[in-house]
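Summary of the model geometry
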Amino acid sequence: MDYRELYEEWLSNPYFDDNTKKELEAIKNDEKEIEDRFYKNLEFGTAGLRGVIGAGTNRMNIYTVRKATQGLANYIIKMNGQDRGVAIAYDSRRMSPEFADEAALCLNSNGIKAYVFDSLRPTPELSFAVRELNCIAGINVTASHNPAEYNGYKVYWEDGAQITPPHDTGIMSAVSAITGYANVKTMEKEEAVKAGLYVQIGKEIDDKYIAALKKLVKNPEAIKAVQKDIKIVYTPLHGAGNVPVRRLLKELGFENVYVVKEQELPDGNFPTVSYPNPESAEAFELAVKLGDEIEADILLATDPDADRLGVYIKGSKPGTYHILTGNMSGCLLAEYEISQLKEAGKLPENGALIKSIVTTNLANDIADYYGIHLIEVLTGFKYIGEKMLEFEKTNQGTYLFGFEESYGCLIGTHARDKDAVVATMALCEAAAYYKTKGMSLWDKMKEMYERYGYWRDGVQAITLKGKEGIEKIQNTLEKLRNDVPKEIAGYKVLSERDYKLDVIRDMETGETTSTGLPKSNVLYYDLSDYAWVCIRPSGTEPKLKFYYGVKGSSFDDANAKLKELGDYMVKMVNAML
């Protein structure tokens, strides 16, 4: 059926409820909107579902959630995992509790037990719960930091990480095999509870999760020494971080934690921000205001599902804060965690620092300095989780730290996804430790730049919505693939990495080698003078993203180089669209 026929089918089929039909009736004269809602099915990709909430095949609604869950249930049964159950969590977004229940009841109707959290929880706690409860899989209903009109559905496998090969393609195939709604099962919640299939979880998992995080503290004595002196401002941005972050910091002894009241309570409309992204300066406006009032040392913000952490740290001048990018905060935490292991004589010979290919090369220098392995993976924290599982199975490595430039990292092995709760704890601990040494976090950051070089990294995105936008993104990448640039912003292209074709090409000799990573539609250019550029489509939003990095001789030199490279990339990409 074409999009018009699908639209009429949803209006006439008694399977769809009256509210859905009213919503669709309201757009009967908007052909463009009808096309966008029905020209395709909301794609179930390697990250699960993510889309705008609303009626239609290309939207997040109870029907698309049920359909995806039926495919997941079929795959679980095929893998003989139906007796182990599935953990389900959700965040503060609109329709999150409803989507969580729809997923649970679909699983239940297929004979699979669902362990559903009693209220919103952070993504990392869901990852923790999958392993703690020995589940075959997990589902988290969240759209992370997307605007308020979005929601999503992430699938985790038994190792606690988001699905990777072969389970990702297996589940995707099982979901795509559900072509209609006749074979999608569900049941009444009351019956599911009575049958012991719908099980509510909460405090018992919370306690175990918090206990696991507290074991990761390296210097409790440093916290005790300055717990009255450090002032922390925290905002959960209307999301799931509020309760666990505050509980953890309180139990560790931090006495001066100030929460941004306007952003404290869960609210899926995110009324104080245009979109709840801790990368955005707008997200920190209220935290900065509070920080100025109390003269805070650190300002912290977690996104709605509390897997990503934004950080501002106090400057040397009163009333000033330094904004840390995800690369900066990740490297600061990596330096702290790894240096403390070395200082304690606990740094393993096979220790590894893992980062994504678009993450700063400052991490490479940190790994070199401490004599540990540096491992690169594709963008997506699930690939870091995959490496952790590989280490467990083979005993060929020890996970020390993993992070991405997009403000996500993981300390410890309690979870297999980004954890902003533990990152908050570690950053506050690091602040305490360095304070006992007469240093601020910014002092430490400067010391790192002086040791490793002034690395600076940037990321920009061009939003291209709708069917035409997707086509433009793909066409741009193909143009670059077919005509590799010899220079970018005056930097010579030394090598090209085409992850879709699994090829690294030396531009001078023409010699090719394998990337060694799974195939992905990503292009990466190693440039002269330590610079680099990477371009790829976003996996979660209708955007073409490009990343770039430089190494300077000073802050000013690095900033100037970064701006010049970034400006060039914007012009280059726009010219190709």
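The structure this text deals with has already been given above.
Analysis parameters
Throughout this description, residue numbers start from 1 for each chain and increase along the sequence as written. With the structure being a predicted model, the display of local features is reserved for residues of pLDDT at least 70 and the display and counting of side-chain atom pairs for 80 or more, all residues being used for whole-chain, interface and lining totals. Excluded from the side-chain calculation are hydrogens and water; included are all heavy atoms of the structure. In this text, helices come from DSSP runs of H or I with a minimum length of four residues, and strands from runs of E with a minimum of two, each type numbered from the N-terminal end. Only the C-alpha atoms count toward the radius of gyration. The rule for a globule is 2.2 Å times the residue count to the power 0.38. Type-normalised accessible area, obtained with a 1.4 Å probe on protein chains alone, sets the label of each residue: buried when under 20%, exposed when over 50%, and partly exposed for intermediate values. In this description, accessible areas are obtained by the Shrake-Rupley approach with a 1.4 Å probe, and a residue is regarded as covered only by the protein chains that are shown. In this tally, Lys and Arg are treated as positive and Asp and Glu as negative; His is ignored, and so are the chain termini. Each charge is placed at NZ for Lys, CZ for Arg, CG for Asp and CD for Glu. Any two strands with at least two DSSP-identified bridges between them are counted as paired. Note on method: axes are straight lines fitted to C-alpha atoms, helices fitted across the in-contact stretch only, with angles between N-to-C directions ranging 0 to 180 degrees. The contact definition used throughout considers only heavy atoms, calling two residues in contact when any of these lie within 4.5 Å. Ring pairs shown here join Phe, Tyr and Trp side chains whose ring centres sit within 6.5 Å, with only the six-membered ring taken for Trp; geometry is labelled stacked below 30 degrees between planes, edge-to-face above 60, and tilted in between. Only when the NZ of Lys or the CZ of Arg is both within 6 Å of the ring centre and within 35 degrees of the ring normal is a charge said to sit over the ring. Given the number of residues in a helix, its expected span is that number minus one, multiplied by 1.5 Å. Relevant arc is that of directions from the helix axis to the C-beta atoms, nothing else. Each angle receives one of four descriptions, namely roughly parallel if under 35 degrees, roughly antiparallel if over 145, roughly perpendicular if within 65 to 115, and oblique otherwise. Should the near helix be turned anticlockwise from the far one by less than a right angle, the crossing is left-handed, and should it be turned clockwise, the crossing is right-handed. Three residue categories are used. Nonpolar comprises Ala, Val, Leu, Ile, Met, Phe, Trp, Tyr, Cys and Pro, charged comprises Asp, Glu, Lys and Arg, and polar comprises the others, including Gly. Salt bridges, as used here, are contacts in which a Lys or Arg side-chain nitrogen is within 4 Å of a carboxyl oxygen on Asp or Glu.

Broken down by element type, the chain carries 19 helices and 23 strands. Compactness check: the chain gives a C-alpha radius of gyration of 24 Å against a globular reference of 25 Å for 577 residues, within 12% of the reference. C-alpha extents for the chain along the principal axes are approximately 70 × 55 × 50 Å. A buried classification covers 59% of the 577 residues belonging to the chain. A total of about 23300 Å² of accessible surface is found on the chain, and carbon and sulfur atoms cover 48% of it. Separation between the mean location of the 70 positive side-chain charges and that of the 86 negative ones in the chain comes to 2 Å.

It is worth spelling out the sheet that holds strand β13 (residues 373-377) at this point. Taken in spatial order, the four strands line up as β13-β12-β14-β15 in an open sheet, and their pairing is mixed. On the outer flanks of this sheet lie β13 and β15 (408-410), each paired with one strand and no other. Each strand axis lies, on average, 20° off the axis of its neighbour in the sheet, ignoring direction. Two elements, strand β14 (residues 398-404) and β15, share three bridges in a ladder whose sense is antiparallel. Among the inter-strand pairings, F403 is bridged to a residue of β15, identified as C409. Packing against the sheet, helix α15 (residues 381-394) makes contact with β12 (351-356), β13, β14 and β15, and its axis sits at approximately 175° to β14.

The next point concerns the environment of Y63. Relative to the helices and strands, Y63 is located in helix α4 (residues 62-78). Judged by its relative accessible area of 3%, Y63 is buried. The sequence separation of Y63 and F99 amounts to 36 residues, and the corresponding C-alpha distance is 9.4 Å. Look past the residues within four positions of Y63 in its chain and what remains in contact with it is W10, Y15, F16, D17, T20 and Y181.

This part is about the sheet that holds strand β7 (residues 231-235). One open sheet accounts for five strands, arranged β8-β7-β9-β10-β11; its pairing is mixed. Sheet topology places β8 (256-259) and β11 (321-324) at the edges, where each strand pairs with a single neighbour. Neighbour-to-neighbour, the strand axes of the sheet open up by a mean angle of 20°, direction not taken into account. Sheet strands touched by helix α12 (residues 285-294): β7, β8, β9 (298-302), β10 (309-314) and β11. Its angle to β7, the strand with the most contacts, is close to 160°. Helix-sheet contacts for helix α16 (residues 420-436) involve β7, β9 and β10, and the interaxial angle to β9 is about 175°.

Within the structure shown, the criterion is met by 27 aromatic pairs. The interplanar angle of 15° and the centroid separation of 4.1 Å between the aromatic rings of W10 and F16 together place this pair among those described as stacked. We note that W10, like F16, is buried. Seen in terms of ring centroids, Y433 and Y434 are 5.3 Å apart; in terms of plane orientation they differ by 70°. Their pairing is edge-to-face. An aromatic cluster is defined as three or more aromatic residues linked by ring pairs; in this entry it consists of Y7, W10, Y15, F16, F38, Y63 and Y181. Above the face of the Y369 ring, R451 is positioned so that its terminal group lies 4.3 Å from the ring centre. The positively charged end of R497 is found above the aromatic ring belonging to Y524, 3.8 Å away from the centroid.

With 22 residues, helix α19 (residues 555-576) should reach 32 Å at 1.5 Å per residue; the first-to-last C-alpha distance of 32 Å fits that figure. Every buried residue belonging to α19 is among A558, K561, L562, L565, G566, M569, M572, V573 and M576, and all of these are buried. Along the long axis of α19, the arc covered by the buried residues comes to 130°, so they all point the same way. Facing away from the buried surface of α19 by more than 90 degrees, the exposed residues are D556, K563, E564, K571 and A575. Considering only its buried residues, α19 is in contact with β16 (454-463), α18 (466-482), β17 (487-488), β18 (491-498), β22 (532-537) and β23 (543-552).

Take the packing of helix α1 (residues 3-12) against helix α2 (residues 18-25) next. A pair of packed helices is captured by two measures, namely the crossing angle of their axes and the spacing between those axes. It is the contact of α1 with α2, at a shortest axis distance of 9 Å, that shows an interaxial angle of 140°. The angle between the axes of α1 and α2 places the two elements in the oblique class. Where α1 crosses over α2, the two elements pack in a sense that is left-handed. When α1 is examined against α2, the residues Y7, W10, L11 and S12 are found in contact with a partner set consisting of T20, K21, L24 and E25. Split by residue class, the contact of α1 with α2 holds four nonpolar, two polar and two charged.

A word on the pairing of β18. Among the eight residues that make up β18, six are buried, leaving the element largely enclosed by the rest of the structure. The sheet contact formed by β17 and β18 spans two bridges and is antiparallel. Considered in β18, the bridge of I488 is made with Y491. With five bridges connecting them, β18 and strand β21 (residues 523-527) associate as antiparallel partners. Its bridge partner being in β21, V493 is matched across the sheet by L527. Turn length for the β18-strand β19 (residues 503-506) hairpin, with the two strands adjacent in sequence and antiparallel, is four residues, and the turn residue D502 shows positive phi of about 55°.

Further remarks concern the environment of E221. Relative to the assigned elements, E221 resides in helix α10 (residues 220-226). C-alpha separation for the pair E221 and S329, spaced 108 residues apart in sequence, amounts to 23 Å.

Taken as a whole and assessed by the stated rule, the structure comprises 46 salt bridges. Residues R84 and E158 are paired through a salt bridge, measuring 2.6 Å at the closest nitrogen-oxygen approach. Taken together, the residues span a long stretch of sequence, with R84 in the loop between α4 and β2 (86-90) and E158 in the loop between β5 (150-157) and α7 (167-176) at a distance of 74 residues. Its relative accessible area of 26% is what places R84 among the partly exposed residues. K563 is the salt-bridge partner of D567, the closest N and O atoms lying 2.7 Å from each other. Taken together, the residues D567 and K563, both in helix α19 and four residues apart, mark about one turn of the helix. The exposure class assigned to K563 is exposed, which follows from its relative accessible area of 55%. One connected set of salt bridges, linked through shared partners, spans E23, E33, D36, R37 and R59.

Let's shift gears to the pairing of β14. Counting buried residues in β14 gives six out of seven residues, a clear majority hidden from the surface. Taking the residues that link successive antiparallel strands as the turn, the β14-β15 hairpin has three residues, and the phi of Y407 there is positive, at about 70°.

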